[in-house]
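A closer look at the structure
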Amino acid sequence: MFEPTVALDPRLSRPTFAEIDLDLLASNYRAVDKATRGAGMLPVLKANAYGHGLLPVARHLESLGAAGLAVAFLEEGALLREAGIRCPILVMGGIDVNQIPHFLRYDLTITASSVEKLREVDRTASAMGMTARIHLKVDTGMGRIGMRPDTAPAMFRAGLEATSVVVEGVYSHFATADRADLTQTRRQLKRFRRAVSFYLDRGLPMPKLHLANSGAILQHPDSHLDLVRPGILLFGVYPSDEVQRTVDVTPVLAWKSRVVFFKVQPAGMPVGYGAEWHPACNTRVVTVPVGYGDGYFHALSDHGRVLVGGRRRPIVGGVCMDQFMVDIGPGGEAYNGDEVVLIGRQGDESITATDLARWAGTIPYEVLTNINTRVDRRYLGAGVTS
């Protein structure tokens, strides 16, 4: 699903690739760990580790001592187990009851978001002669999955009554932790604390509690609790422009390609589908073998910028499925084979995933997760294994 099943001869590879620096990932991990002062780390690796490559990233984070890993779906967790990942893996998405036997066979921690789902997990585990590990989900204001704080005690009681289930954790998810206004975030934390007081009021052992995503790690330390769940922050990207940058992180991913064609475009001669852009004077235009088929948004047509020769240069004409064109100016110089940086640094200039998100009218999460598997991932750093 996430990795090519056949390794191609490197000589056949396109000159377009994403470069992932595992040393920078480790540095970001240590920075988040220091900022959260002893809370266990549960990195979130859904959507192919935010586009960075699920298996290499998971292996590296496991080697760094992560308390566990979190994914969205059963198939992501199964892929990690098949690849030899042994640490706890929490699957955070809602489950189909037909999947429960597979969760158990792969030793994946299940999110139970209702009394009915919890009981179905218990029944299935009992029938298989196994014990299921689960985390209970409380909906404190996201409105996605989980029981509301006022009805969550029914789920907590069902967990105590289950015979083939171990409730290892209770968690919720913030809706606005990356915003400047933390009113809703504080409200959600208060609701969560009130819900889990069920255990304290009865003198029961408290399951591990977790709530803090990347935004809350940065600006709401009261929510760090037993575990924190960094996602995009681990990869060196801040979750929004509003969030306080209290942890210093560095982007882990660079997206690069090369010039494959150079031409002088005459004044008035259009470029690209729709023939909507044409230069006012003779200019130099290069073609780059990247397009929306790779996850480079069509919305970046006539809006995006790339780095060529250490300078930001505009994309002109429409982004095609497999290529786009760049105006390097009447006096610009570029040659076939020259490096083009879509995300990353070249000389003194840089372009970030956040820049692309602004130009395309989206969010950096979508920019990163949209880089599809047609783009080769190349890994750098001490964490690279053969």
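Now for a description of the structure that goes with this document. Nothing here was measured: the structure is a model prediction, and the numbers come from that model. (Residues numbered from 1 in each chain as written. Predicted model: local features only at pLDDT ≥ 70, side-chain atom pairs only at ≥ 80, totals over all residues. Heavy atoms only, no water.)

Here's the deal with the nonpolar core
Operational definition: Here the nonpolar core consists of buried residues drawn from Ala, Val, Leu, Ile, Met, Phe, Trp, Tyr and Cys, with membership extended through side-chain atoms lying within 4.5 Å. For every residue, the accessible area obtained with a 1.4 Å probe (protein chains only) is divided by the maximum for its type, and the residue is called buried under 20%, exposed over 50%, and partly exposed between those limits. By definition in these notes, contact holds between two residues if any of their heavy atoms fall within 4.5 Å.
Of all hydrophobic cores here, the largest spans 112 residues; its most connected members are Ile134, Leu136, Tyr296 and Phe324. If sequence neighbours within four positions are ignored, Tyr296 has contacts with Trp255, Val290, Gly291, Gly304, Arg305, Val306, Ile315, Val319, Phe324, Leu342 and Leu356. Counting 6 residues, the second largest nonpolar core, distinct from the first, contains Val271, Trp277, Val285 and Met325.

Considerations on the sheet that holds strand β7 (residues 165-171)
Note the cut-off: For two strands to pair, DSSP has to find at least two bridges joining them. Numbering of helices and strands starts at the N terminus; helices are DSSP runs of H or I of at least 4 residues and strands are runs of E of at least 2.
Ordered by their spatial adjacency, 8 strands build an open sheet running β2-β9-β8-β7-β6-β5-β4-β3, and the pairing between neighbours is parallel. In the strand order of this sheet, the two ends are held by β2 (40-41) and β3 (69-71), each with one partner. Relative to strand β9 (residues 227-228), strand β8 (residues 208-212) runs parallel, the two being bridged by 2 bridges. Looking across to β9, one finds that His210 is bridged to Leu227.

Overview of the pairing of β8
The side chains of a regular strand alternate between the sheet's two faces. For β8, the buried fraction is high: 4 of the 5 residues fall into the buried class. Summarising the sheet, β7 and β8 pair through 3 bridges and their orientation is parallel. Residue Val170 lies in a different strand from β8, and its bridge partner there is Leu209.

A closer look at unusual backbone geometry
The backbone of Ala49 shows a phi angle near 55°, a positive value even though the residue is not glycine. Tracing the backbone through its elements, the reader meets Ala49 in helix α2 (residues 46-50). Phi at Tyr50 is positive, roughly 55°, even though this residue is not glycine. Looking at the secondary structure, you find Tyr50 in helix α2. Given the relative accessible area of 7%, Tyr50 is considered buried.

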